[in-house]
Amino acid sequence: MATLHADEISNIIRERIEQYTREVKVVNTGTVLQVGDGIARIHGLDEVMAGELVEFEEDMIGIALNLESNNLGAVLIGDGLKIQEGSSVKATGRIVQILESENYLGPVVNALAKPIDGRGEIAASEFRLIESPAPEIQKKVVQGLSQHVREVKIDVDALSSFCDLRTRLAPLNKILSTVEDARI
């Protein structure tokens, strides 16, 4: 059996102290006061932001919306039947975001942007806040509508020109129909 000397022990202790990293994690937690109709009233989440995701101990997610001085209201994302009064809730520090991609044009998705039309997952890698200005897709839609409006205007102009021509030719059409009636 090997024996350690005092200087070896102190070297080992020094190495361990130098390698030690202190990690302090502060978690903002609260308690569910009341649950009903897809809303949870929570007490104790003092540092939560409006629109922040909150995580319930029952593996549920909510969105903090109604911030009051002594409690807050969170909209539950999913089935809230598992959540009970007295359950623990923690703030995540993340504002609600949604995946953004042109691949979302077409598929049918639920409120969580999960596909429900059976076509499979949607490829997207960029996120944006749900409460943010409309994406570039809306600009493209407006540009497309502008093009359609121009085309309709051209069609209306052509139709009015045709109607104007028809009005001008009305006397000639009357003469032609009179001549045809006379032949019969």
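Residues numbered from 1 in each chain as written. Predicted model: local features only at pLDDT ≥ 70, side-chain atom pairs only at ≥ 80, totals over all residues. Heavy atoms only, no water.

1. Topic: the overall build of the protein chain
On a plain count of helices and strands, the protein chain comes out with 2 helices and 8 strands. Out of the 184 residues in the protein chain, the part that is buried amounts to 18%. Summarising the internal contacts of the protein chain: among those between residues at least 6 apart in sequence, 53% fall at separations of at least 24. (Helix = DSSP H or I, 4+ residues; strand = E, 2+ residues; numbered from the N terminus. Buried < 20%, exposed > 50% of the residue type's maximum accessible area, 1.4 Å probe, protein only. Contact = heavy atoms within 4.5 Å.)

2. Here's the deal with the pairing of strand E4 (residues 60-67)
Across 4 bridges, strand E3 (residues 52-56) lies against E4 in antiparallel orientation. For glutamate 55, the partnering residue across the bridge sits in E4 and is isoleucine 61. Between the end of E3 and the start of E4, which pair antiparallel, lie 3 residues, with aspartate 59 showing a positive phi angle near 60°. (Pairing = 2+ DSSP bridges.)

3. Digging into the nonpolar core
The tendency in soluble globular proteins is for nonpolar side chains to be buried side by side. Counting residues in each nonpolar core, the largest one holds 15 residues, and the members touching the most others are Ile42, Leu45, Val48, Val54, Phe56, Leu72 and Val89. Only strand E2 (39-43), E3, E4, strand E5 (72-77) and strand E6 (88-95) provide two or more residues apiece to this core. Here valine 89 is in contact with Asn28, Thr29, Gly30, Val32, Ile42, Leu45, Val54, Glu55 and Phe56, once residues within four sequence places are set aside. (Core = buried A, V, L, I, M, F, W, Y, C linked by side-chain atoms within 4.5 Å.)

4. Notes on the pattern of salt bridges
On inspection of all chains with the given rule, the structure shows 2 salt bridges. The salt bridge partner of arginine 41 is glutamate 68, with a shortest N-O separation of 3.3 Å. Of this pair, arginine 41 sits in strand E2 while glutamate 68 sits in the loop between E4 and E5, placing them 27 residues apart in sequence. Note that aspartate 117 is salt-bridged to arginine 119, the shortest N-O span being 3.3 Å. Here aspartate 117 falls in the partly exposed class, since its relative accessible area comes to 27%. (Salt bridge = Lys/Arg side-chain N within 4 Å of Asp/Glu carboxyl O.)

5. Overview of the pairing of E6
Two elements, strand E1 (residues 29-36) and E6, share 3 bridges in a ladder whose sense is antiparallel. Bridge pairing in E6 links glycine 30 to valine 89. Pairing analysis gives 4 bridges linking E3 to E6, with the strands arranged antiparallel. Within the sheet, the bridge partner assigned to phenylalanine 56 lies in E6 and is valine 89.

6. Things to note about a nonpolar patch on the surface
The grouping of Leu4, Ile9, Ile12, Ile13 and Ile17 at the surface amounts to a nonpolar patch, some 470 Å² of accessible area in total. Looking at where isoleucine 17 falls in the secondary structure, it is placed in helix H1 (residues 6-19). A relative accessible area of 60% means that isoleucine 17 is categorised as exposed. (Patch = residues over 30% accessible without salt bridge, like charges linked within 9 Å, V, L, I, M, F, W, Y side chains within 5 Å. Areas by Shrake-Rupley, 256 points an atom, 1.4 Å probe, with all protein chains shown as cover.)

7. Side note on the sheet that holds E2
Strand order around the closed barrel formed by 6 strands is E1-E2-E5-E4-E3-E6, with antiparallel pairing between neighbours. Direction aside, neighbouring strands of the sheet carry axes that sit 45° apart on average. Relative to E5, E2 is paired through 4 bridges, and the arrangement is antiparallel. Across the sheet, the residue bridging to isoleucine 39 is valine 75, located in E5. (Axes fitted to C-alpha atoms, helices over the stretch in contact; angles between N-to-C directions.)

8. Notes on the environment of tyrosine 104
Position of tyrosine 104 relative to the elements: it lies in the loop between strand E7 (97-100) and strand E8 (126-129). Taking the relative accessible area as the measure of exposure, tyrosine 104 reaches 18% and is therefore buried. Remark: the alpha-carbon pair of tyrosine 104 and alanine 124, spanning 20 residues in sequence, is separated by 8.5 Å. Apart from residues lying up to four places away in sequence, tyrosine 104 is in contact with Leu99, Val109, Ala113, Ile122 and Ala124.

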